[in-house]
Amino acid sequence: MERKIWFNGTLLPASQANVSVYDHGLLYGDGVFEGIRQYNGRVFEKTAHLKRLFESAHAIRLPIPYTPDQLAQAIEDTLVANNLQDSYIRLVVTRGPGTLGISPQNCGAACTFIIADSIQMYPADMYATGMSIITASTTRTHPNSLSPKIKSLNYLNNVMAKWEAIDAGVPEAVMLNHLGFVCECTGDNIFIVKNNRLITPPEESGILIGVTRQTIIDLALTAGIPVDEKNLTRYDLYIADECFLTGTGAEVIPVTKIDTRIIGSGTPGPLTQQLMTSYRKKVRSP
């Protein structure tokens, strides 16, 4: 059955949900998006995702022609139309079609669409055995150029770092910021465990403030696990007791090797496994 796409207020077959070739989202990466998960029929952290969407849009001066409540209902309508209970949702708002030229003043109304489908970021066995990653030479976009807190359609910076991972035969790459500190991976936030403390780069390092990242921090604090948000170097990654990545698509996945260095015991560590279990329980709870 062909998927139904919520497209500017109407549910359309996927083959009919077409974005204009003059859309600034296509021509210039001018737009914002959110990746959201549905578990057991429930949309996880829907309010937090919509809040980030509207903040990202405000930051790039993109008026969204719907309210958060209207988009929340549109998400639910899309899921019902596709008869989905466990899915990945992509909510996108572009600047809309205009004339050729970079000026956003030449665009009309924003284009808004919602896709709901399945997703598998990494092979299932990696969640049990851990993954190998590298450090990319491509640095994260400077915050004064485009704040990484904005979840924009312009992901070329991440794409080029992803190519480095692919060329190295691994699924993911760590990106450093302009000062050389650990920032995040191409699509996920990063955590390490050292001396039974959970450590992750701070907002000021130039990261996307991940919804899954915050969920893991909350779960750790609830479990009595100390959490530090501080700058990390590659050396800190190499000598970590444990390491894992978080993201809406990836959820929580262990890292057992970075730049050919074995991390900890070379297997997913106890705190990583504890938080993986806690996260899975939380997202699937009624």
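Rules of the game
Residues numbered from 1 in each chain as written. Predicted model: local features only at pLDDT ≥ 70, side-chain atom pairs only at ≥ 80, totals over all residues. Heavy atoms only, no water. Pairing = 2+ DSSP bridges. Helix = DSSP H or I, 4+ residues; strand = E, 2+ residues; numbered from the N terminus. Contact = heavy atoms within 4.5 Å. Axes fitted to C-alpha atoms, helices over the stretch in contact; angles between N-to-C directions. 1 Å grid on protein atoms, 1.4 Å probe; cavity = no way out; pocket = protein on both sides within 12 Å on 5 of 7 lines; lining within 4 Å. Points joined across faces, edges and corners; volume = space filled by probe spheres on them. Nonpolar A, V, L, I, M, F, W, Y, C, P; charged D, E, K, R; others polar. Parallel < 35°, antiparallel > 145°, perpendicular 65-115°, else oblique. Left-handed = near helix turned anticlockwise from the far one by under 90°. Phe/Tyr/Trp six-rings, centres within 6.5 Å; stacked < 30°, edge-to-face > 60°. Buried < 20%, exposed > 50% of the residue type's maximum accessible area, 1.4 Å probe, protein only. Lys NZ or Arg CZ within 6 Å of the ring centre and 35° of its normal.

K.L.:
Can you tell me about the sheet that holds strand S4 (residues 42-43), naming the residues and giving the values?
P.N.:
Strand order across the open sheet formed by six strands is S2-S1-S6-S5-S3-S4, with antiparallel pairing between neighbours. The strands lining the two open edges of the sheet, one partner per strand, are strand S2 (10-13) and S4. As paired elements, strand S5 (residues 87-94) and strand S6 (residues 111-117) share seven bridges and run antiparallel to each other. Pairing of Val92 across the sheet is with Phe113, part of S6. Most of the contacts of helix H3 (residues 68-81) go to S6, to which it runs at about 40°, and overall it touches strand S1 (4-7), S2, strand S3 (31-39), S4, S5 and S6.

K.L.:
Kindly report on the layout of surface pockets, identifying the contributing residues and their values.
P.N.:
Estimates place the volume of the largest pocket at around 720 Å³. Together, 40 residues line the largest pocket, and Phe33, Lys151, Tyr155, Thr186 and Gly187 are the ones closest to its centre. Those elements that place two or more of their residues in the lining of the largest pocket are S3, S5, helix H5 (156-167), strand S9 (182-185), helix H6 (211-222) and strand S13 (242-247). At four residues, the largest contribution of residues to the lining of the largest pocket is made by H5. A class-by-class count of the residues in the lining of the largest pocket yields 15 nonpolar, 16 polar and nine charged.

K.L.:
Give a description of the packing of helix H2 (residues 46-59) against H3 that names residues and reports values.
P.N.:
Interhelical geometry of H2 versus H3 gives an angle of 125° and a closest axis separation of 10 Å. Here H2 lies oblique to H3, going by the angle between them. The way H2 lies across H3 gives a crossing that is right-handed. Contacts from Lys46, Leu50, Leu53 and Phe54 of H2 reach H3 at Pro68, Leu71, Ala72, Ile75 and Glu76.

K.L.:
Which residues make up the environment of Leu237, and what values go with them?
P.N.:
Considering the arrangement of structural elements, one finds Leu237 in helix H7 (residues 234-238). A sequence separation of 38 residues divides Leu237 from Ile199, and the C-alpha atoms of the two residues are 10 Å apart. Leaving out residues up to four positions away in the same chain, Leu237 has contacts with Val174, Val182, Ile190, Ile192, Ile258 and Ile263.

K.L.:
Hey, could you go over the packing of aromatic side chains for me, with residue numbers and the actual values?
P.N.:
A complete count under the given rule lists six aromatic pairs for this structure. Look at Phe7 and Phe113: their rings are 6.2 Å apart centre to centre, the planes differ by 25°, and that puts the pair in the stacked class. Of this pair, Phe7 sits in strand S1 while Phe113 sits in strand S6; the two residues are 106 residues apart in sequence, bridging distant segments of the chain. Classification of Phe7 by relative accessible area gives buried; the value is 13%. Phe113 sits in the buried class, given a relative accessible area of 14%. An angle of 80° between the planes, with centres 6.3 Å apart, marks the rings of Tyr39 and Phe44 as edge-to-face. The two residues Tyr39 and Phe44 agree in class, both being buried. Three or more aromatic residues joined by ring pairs make a cluster, and in this case those are Tyr39, Phe44 and Tyr279. Seen from the ring of Tyr238, Arg261 lies directly overhead, with NZ or CZ sitting 4.1 Å from the centre.

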